[in-house]
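# Tertiary structure, described
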Amino acid sequence: MEKRPERHSNEEILELLDENVREWCIQELDGRFTPPQRMAVPLIHERKNVLICSPTGSGKTLSAFLAIIDDIFVRARAGALEDSVYCLYISPLKSLANDIHKNLSLPLDGIARIARERGIDHTPLRHAIRHGDVSRADKAKMARKPPHILNITPETLAILLNSPKFRESLRTVRWVVVDEIH
């Protein structure tokens, strides 16, 4: 039987993160992480598969995104970020908008601001939402310059997996986050 993951200290988690991501965590989270974050972030950082099951509002979605954002940001700083999808975030549409704003848009904007203030040049991290109501123009834009983090509904993913062109864009995916399993 595999050993139960330990809860790492706030300091241990902060130490894992790029200095700009760390600073965002200090500014926005007071450098304190929730129990799911203290257990999951180090494992995701190590590229382990993780199932997070905890109550609403306990930081599950940010637990999933934090190590992923950190890795993509480190790639961006090193000039090694390609125009590819690195993370596929699958969530029902009703929960997508709030989770994306709170756990992805705000951290990405905040980390970019911190890096700019420090004079650190990097490729901006892109994310986009793809669902049935996305315009043809937005779909074409995503095809030309794919988001690094693609947010998608299960229904849209099922349809797009039948598209050879779309499947090709998924060859670079390193993380899949499935949210709201019912």
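Summary of the structure given here.

Thresholds, definitions, all that
- Residues numbered from 1 in each chain as written.
- Predicted model: local features only at pLDDT ≥ 70, side-chain atom pairs only at ≥ 80, totals over all residues.
- Heavy atoms only, no water.
- Helix = DSSP H or I, 4+ residues; strand = E, 2+ residues; numbered from the N terminus.
- Rg over C-alpha atoms; globule rule 2.2 N^0.38 Å.
- Buried < 20%, exposed > 50% of the residue type's maximum accessible area, 1.4 Å probe, protein only.
- Contact = heavy atoms within 4.5 Å.
- Areas by Shrake-Rupley, 256 points an atom, 1.4 Å probe, with all protein chains shown as cover.
- Lys, Arg positive; Asp, Glu negative; His and termini not counted.
- Charge placed at Lys NZ, Arg CZ, Asp CG, Glu CD.
- Axes fitted to C-alpha atoms, helices over the stretch in contact; angles between N-to-C directions.
- Nonpolar A, V, L, I, M, F, W, Y, C, P; charged D, E, K, R; others polar.
- Salt bridge = Lys/Arg side-chain N within 4 Å of Asp/Glu carboxyl O.
- Pairing = 2+ DSSP bridges.
- Right-handed = clockwise from strand over helix to strand, strands pointing away.

## Quick look at the overall build of the protein
Secondary structure summary: the protein contains eight helices and four strands in total. The N-to-C order of helical and strand elements in the protein reads α-α-α-α-β-α-β-α-β-α-α-β. Taking 182 residues into account, the globule formula puts the C-alpha radius of gyration at 16 Å, and the protein, at 16 Å, falls close to it. Structurally, the protein occupies a C-alpha span of about 45 × 45 × 30 Å along its principal axes. Counting across all 182 residues of the protein, residues that qualify as buried make up 47%. Within the protein, residue pairs in contact and separated by at least 24 positions form 68% of the contacts whose partners lie at least 6 positions apart. For the protein, the exposed surface amounts to about 10500 Å²; the carbon and sulfur share of it is 51%. Distance between charge centroids for the protein: 5 Å, based on 27 positive and 25 negative side chains.

## Considering the packing of helix α2 (residues 19-29) against helix α4 (residues 60-77)
At a minimum axis distance of 9 Å, the contact between α2 and α4 shows a crossing angle of 145°. Listed contacts from α4 to E19, N20, V21, W24, C25 and L29 of α2 are L62, L66, D70, F73 and R77. Across the contact of α2 with α4, the residue classes break down as seven nonpolar, one polar and three charged.

## Regarding the pattern of salt bridges
In the structure shown here, the tally under the stated rule is ten salt bridges. Linking R47 and D71 is a salt bridge whose minimum nitrogen-to-oxygen distance equals 3.3 Å. Of this pair, R47 sits in the loop between α3 (35-45) and α4 while D71 sits in helix α4; the two residues are 24 residues apart in sequence, bridging distant segments of the chain. Judged by its relative accessible area of 45%, R47 falls in the partly exposed class. In this structure, E168 and R171 form a salt bridge, with 2.7 Å as the shortest nitrogen-oxygen distance. In this structure E168 comes out as partly exposed when scored by relative accessible area, which is 49%. A residue is classified by how much of its surface remains accessible, and R171, at 59% relative accessible area, is exposed.

## Comments concerning the pairing of strand β2 (residues 127-130)
Only one face of β2 is buried, namely the one carrying A128 and R130, since none of H127 and I129 on the opposite face is buried. The pairing of β2 with strand β3 (residues 149-152) spans four bridges and is classified as parallel. Looking at β3, one finds that A128 is bridged to L150. Once you follow β2 into helix α6 (residues 136-144) and on to β3, the crossover reads as right-handed.

## Observations concerning the environment of C25
By the secondary structure assignment, C25 is in helix α2. Residues C25 and G59 lie 34 residues apart in sequence; the distance between their C-alpha atoms is 13 Å. Here C25 is in contact with L14, L17, D30, G31, F33 and L66, once residues within four sequence places are set aside.

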